[in-house]
Amino acid sequence: MNAQTHRVAGHRLPRRDGVGKVTGKHVYAADFKLPGMLYGKILRSARAHALIKNIDVSRAAAIAGVRGIITAADIPQVRYGTAVRDTTVFATDRVLFMGHAVAAVAATSSEIAERAIEAIKVEYQDLPALYDPEEALTSDIRIHPDWETYKALPIISRKDNIAGQARIHVGDVETAFAKAHKIYEHRFTTSLQHPGYTEPRVATADWDANGIVTVWCNTQLPFDTQTTLAEILDLPAARVRVTVPGIGGGFGGKLRIGVEHFAALLARKTARPVKVMSTSEEELTAALPRQASIVLLKTAVDKEGHLLARSGRVIVDCGAYAGSGPGTAAIALQVMAGPYKTGALAFESIAVYTNKVHSGSFRAPAGPMANFAMESQIDMIAKDLGLDPLEMRLRNVVKEGDPGPSGETHTSVSIEECLRKAADAIGWHDRNPEPGRGKGIACSWWMTTGGSSGVYVKINPDGSATLVSGAVEIGTGAITGAAQVLAEELSLDLTDINVTGVDTQAAPFDYGAQGSRTTFSVGNACLAAAKELRRQMFELAAKQLEAPIENMKLQDKHVVAGNKSISIAELARISRLAGGGLIAHGTAISPAPPYDPARVKNHPLPVWNTPSYHAHAVDLSVDQATGKVTINRYVVAQDVGYAINPTYIEGQIEGGVAQGIGQALSEEIVYQDGRVMNANLTDYKMPTAMDVPEIESIIVECRSAAGPYGAKGVGEPPCIEPPAAIGNAIAAATGCWPNSLPMTAEKIAAAMRARHP
Amino acid sequence: MNRKILNIVVNGESHQLLIEPHWTLLQVLRNEIGMMGTKENCLEAECGVCTVLLDGRAVNSCILLAGQAEGCSITTIEGIGDPEHLHPLQEAFIECGAVQCGYCIPGMILTAKSFLDEHPGCRPSREEIREAIAGTLCRCTGYRKIIDAVETAADRIALSGAKQ
């Protein structure tokens, strides 16, 4: 349909960076080098919680080729962090987890740097450690004894080992529970999951003669990295320049600073360019994975299966620093409310410190953990009441104009359409086609994160346009999508749009490649820039053509006024001679919708912008002897508002589901006594081509008021529902309800044996 | 330092290099010859992004000592096509939307090329393609469009082979 109304938007056009990527010419941050560059390595703690009694670097410093060593004693004492400023570059007096950075070395080769790391002698004195988040809630052990002295966002509520605590409270839960037909109470757990990008976190830093440090890295948020680096280096932001050559995947794992600070500090110490790249082991022990969680959920229903009231508690294990934990835990509350009529709600989130790796904002933070709990429980209730799980959902889903959990109004609602389409496609009428085979369904909603975007668009003398955005293309095709919007508005072809890399010194601000917002927000900024360029071109054309601006239009790369016309290229050339060139600054901001603040307490994201709705359905078989799951078919019906490029939307859906299948069935960073037991890609099991079925995408388009041509956010939602949909299908196939991720063959086999001993 | 001479052909060009005995083929390709299309990640032969062709067969260059490639012919992603003359696999990966972040793509394309070269004229099933590429991890795509691309390219290569 879009392909008929638009020339460029809505079409399956190839991405702008495709040729570079298939020929090996696309430069990633990992490929970046400078003459005379040194290689940095990080010494990481081998203890989970210990006092540092002494660090002796003398043997390391004596190794030929070692150019600099730094520890906490050599750098500004700064605490940084998004929600809570609790993080330091290196462990100071204590190490807080195995993997905590203790020192860094720069040497003429990475082998020498590695040897030097091994030669640094650290004396520790072990302290009692906390690994269990529930124990951390009541223990007298403090992971951050000085937590009260840390700065934090004013909205964040903290105490002892709790890094953040939020609430959503709607209506009278107690009365509703008292009047309920039945009450159900369940506990679910989810595991620590690595984002799994194939390019490790990497940065190269160099200081120039003016004291400006340039960092070439693969961050998803160049501007956030710039300000965080400025704090760490104790410099004004303008003296930190962050550029992103290319990035090999992010998925939220590259939002916050990774190795950029080590590179910049080592480069300052040695007065040489320094490159630091994470190893696989560091990725799995010291990156920013998705938090493990515990979800307790209590739900009251009437006889017909209507949700009357729900109460719940989400405990998110942040690890040693708050990281994204407080926000992630809080977002879980909206996910648990779900695309359902709210009734009465009393939800609480707790983000808690433990002596494990600090964590981040992996794609749809909190989405899969909270959805797994909520949507598993819906199926459990349906089974107990003798209802079809699809029917149970359809009785409770929100309709246009219904209030959401924060008191906002649901608009452009498509959840019923998504559920029906996914169910029809999977053949819902026949849920148990054969013994050991079952079908499951799950649905959710998700936000399109706001934040502002700016773009510069310049018209070149050949009539092409250059798009300068502060948003990084992390692989999703988001910038190609925004370029399609720009080309559409300027009557150009997509191949006429040149896209630059991001450089914080030159590009306008962007809130970053996160939160399903890039195409949405950069696309809106492109609409604004195109409007301004049309004004500039029409004014110039009015003089050239001696025609009135009224009724002028852009058509086929020309400004057309009645029977007169002039090409965009000609206007650009004229403007270069006489007007400084055709250039526009377009901006976009998506304000948060109105909501009821009385419902939401201590929540950094109290209301969702432009939500999307989606449903997943799966058909799978479970080996009755081993518990091994084979997915036969997997269907997603997702409302994207308007499909700017259906090919890359399918790509987001297929890739997101693959990650969700990994989280559902195999992925877990396994800790034992504070140590990661599977810090390599053989034992940390991400899905291979043999593990992912042919994911079928049904694109639903229920247009939003805020997005370009009605688009909604696309990127995060696909990884939300897989654990719940797969769990529900396993239950349909085996009669056993998994309540813990990942749902490994071992766990399923054990549950089947317990049921039929 | 006890460097040794390595004679190696990369994308048809002969190189004589002095190398450290512990250097891997990946290090030599990236650091000495400048073939940056060969990607670096796990360095433990677990992810497949460093895959190159050694005398036509796919190998993980991250765990192969460069010395073991003495006298061999190596093909990297730069050697199978360029922006003006794309290999059918490169063309199909773009057309089918199989490229997202792209970091695994050179290794994926070379793995697929090795597989197709080993089965000349054959149109492999999707299951066969799935198995052939299973050693290379892709975190972006969910593999479906990669399989589409290999299938499309295999059809075109088989067809052009049949015409000749």
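Residues numbered from 1 in each chain as written. Chains lettered and ligands numbered in written order. Predicted model: local features only at pLDDT ≥ 70, side-chain atom pairs only at ≥ 80, totals over all residues.

Draft legend 1. Region of interest: the overall build of chain A. Each helix and strand in chain A was counted, giving 19 helices and 30 strands. Taken over C-alpha atoms, the radius of gyration comes to 27 Å for chain A, in line with the 27 Å a tight globule of 757 residues would show. Along the three orthogonal principal directions, the C-alpha set of chain A runs to about 85 × 70 × 50 Å. The burial tally for chain A puts 62% of its 757 residues in the buried class. Counting contacts in chain A only where the partners sit at least 6 residues apart, residues at least 24 apart contribute 80% of the total. (Helix = DSSP H or I, 4+ residues; strand = E, 2+ residues; numbered from the N terminus. Rg over C-alpha atoms; globule rule 2.2 N^0.38 Å. Buried ≥ 20, exposed ≤ 12 C-beta atoms within 10 Å, placed from the backbone. Contact = placed C-beta atoms within 7 Å.)

Draft legend 2. Here's a closer look at the overall build of chain B. A tally of regular secondary structure across chain B gives five helices and five strands. When the helices and strands of chain B are placed in sequence order, the string is β-β-α-β-β-β-α-α-α-α. Here chain B has a C-alpha radius of gyration of 16 Å; the compact-globule value for 164 residues is 15 Å, and the two agree. The dimensions of chain B, computed from C-alpha atoms along their principal axes, are 50 × 35 × 25 Å. The contacts of chain B with a sequence gap of at least 6 include a subset with a gap of at least 24, amounting to 62%.

Draft legend 3. Representation of the pairing of strand 4 (residues 57-60) of chain B within the structure. Residue and element names in this part refer to chain B. Pairing analysis gives four bridges linking strand 3 (residues 51-54) to strand 4, with the strands arranged antiparallel. By the bridge assignment for strand 4, Val52 is matched with Val59. Connecting strand 3 to the next strand, strand 4, in antiparallel fashion are two residues, including Asp55 with a positive phi near 45 degrees. (Pairing = 2+ DSSP bridges.)

Draft legend 4. Geometry of the sheet that holds strand 21 (residues 553-555) of chain A. Residue and element names in this part refer to chain A. Pairing within the open sheet is antiparallel, and its three strands lie in the order 21-22-23. Every interior strand has two partners, whereas the edge strands, strand 21 and strand 23 (564-567), have only one. Across the sheet, the mean angle from the axis of one strand to that of its neighbour is 30 degrees, orientation sign disregarded. Bridge analysis of strand 22 (residues 558-561) against strand 23 gives four bridges, and the strand direction is antiparallel. Opposite His558, over in strand 23, you have Ser567 as the bridge partner. The strands touched by helix 15 (residues 518-545) within the sheet are strand 21, strand 22 and strand 23, with strand 22 carrying the most contacts at an inclination of about 60 degrees. (Axes fitted to C-alpha atoms, helices over the stretch in contact; angles between N-to-C directions.)

Draft legend 5. Layout of the domain arrangement of chain A. All names here are of chain A. Per the domain assignment, the segments of chain A are domain 1 (2-25 + 450-589), domain 2 (32-127 + 198-249 + 254-286) and domain 3 (292-397 + 414-448 + 595-755). At the interface, 20 residues of domain 1 touch 20 residues of domain 3. Going through the elements one at a time, helix 14 (478-490) and helix 15 are the ones with two or more residues in the side of domain 1 that touches domain 3. Broken down by element, the residue count for the side of domain 1 that touches domain 3 peaks at five residues, all from helix 15. Tallied by class, residues from the side of domain 1 that touches domain 3 come to five nonpolar, 12 polar and three charged. (Domains from an automatic or database assignment. Nonpolar A, V, L, I, M, F, W, Y, C, P; charged D, E, K, R; others polar.)

Draft legend 6. Representation of the nonpolar core. Residues and elements named next belong to chain A. Of all hydrophobic cores here, the largest spans 304 residues; its most connected members are Val105, Ala263, Ala332, Ala422 and Leu486. Looking at this core, the element that brings in the most residues is helix 15, giving 11 residues. Residues in contact with Val105, not counting those within four places in the same chain, are Gly40, Lys41, Ala60, Val66, Ile69, Ala113, Ala116 and Ile117. (Core = buried A, V, L, I, M, F, W, Y, C linked by C-beta atoms within 7 Å.)

Draft legend 7. Looking closely at the pairing of strand 3 of chain B. Residues and elements named next belong to chain B. Residues Thr51 and Leu53 point to one face of strand 3 and Val52 and Leu54 to the other, with burial holding for every one of them. Where strand 3 and strand 5 (residues 73-75) come together, two bridges link them in antiparallel fashion. Opposite Leu54, over in strand 5, you have Ile74 as the bridge partner.

Draft legend 8. The arrangement of the interface of chain B and chain A in detail. Residue-level contacts link 42 residues of chain B with 43 residues of chain A. If you list the elements that add at least two residues to the side of chain B that touches chain A, you get helix 2 (88-95), helix 3 (105-118), helix 4 (126-133) and helix 5 (144-163) of chain B. Here the side of chain B that touches chain A gets four residues from one element, more than from any other, and that element is helix 2 of chain B. A class-by-class count of the residues in the side of chain B that touches chain A yields 21 nonpolar, 10 polar and 11 charged.

Draft legend 9. Quick peek at the domain arrangement of chain B. Residue and element names in this part refer to chain B. Here chain B is partitioned into domain 1 (4-79) and domain 2 (88-163). Centre-to-centre, using C-alpha coordinates, domain 1 lies 22 Å away from domain 2. Contributions of two or more residues to the side of domain 1 that touches domain 2 are made by strand 3 and strand 4. For the side of domain 1 that touches domain 2, the element with the highest residue contribution is strand 3, accounting for three residues.

Draft legend 10. Quick peek at helix 15 of chain A. The end-to-end C-alpha distance of helix 15 of chain A is 38 Å, a good match for the 40 Å that 28 residues give at a rise of 1.5 Å each. After helix 15 of chain A finishes, the residue Glu546(A) shows a positive phi value of roughly 50 degrees. (Expected span 1.5 Å × (residues − 1).)

Draft legend 11. Inspection of unusual backbone geometry at higher detail. Residues and elements named next belong to chain A. Between Leu741 and the following residue, Pro742, the backbone shows a cis peptide bond with an omega angle of -5 degrees. Assignment of secondary structure puts Pro742 in the loop between helix 18 (722-734) and helix 19 (745-755). Its identity as a non-glycine residue notwithstanding, Ala271 has a phi of 55 degrees, on the positive side. Looking at the secondary structure, you find Ala271 in the loop between helix 8 (260-270) and strand 12 (274-277). Positive phi, normally seen in glycine, also occurs at Ser491, with a value near 60 degrees. Counting through the fold element by element, Ser491 comes out in the loop between helix 14 and strand 19 (497-499).

Draft legend 12. A look at helix 14 of chain A. Residue and element names in this part refer to chain A. With 13 residues, helix 14 extends 19 Å from end C-alpha to end C-alpha; this agrees with the ideal 18 Å at 1.5 Å per step. Taken across its 13 residues, helix 14 has 13 buried, putting it largely inside the fold. Of the residues one or two after helix 14, Ser491 is the one with positive phi, at around 60 degrees.

Draft legend 13. Main features of the sheet that holds strand 14 (residues 307-319) of chain A. Residue and element names in this part refer to chain A. Spatial ordering of the open sheet is given by 8-13-14-15-7-25, a layout of six strands whose pairing is mixed. Of all strands in the sheet, those bounded by a partner on one side alone are strand 8 (182-190) and strand 25 (600-601). Sheet analysis places strand 14 next to strand 15 (residues 344-353), joined by 10 bridges and oriented parallel. Paired with Arg313 across the bridge in strand 15 is Glu348. Along the sheet, helix 10 (residues 325-337) contacts strand 7 (162-170), strand 13 (292-301), strand 14 and strand 15; its crossing angle with strand 15, the most-contacted strand, is approximately 155 degrees.

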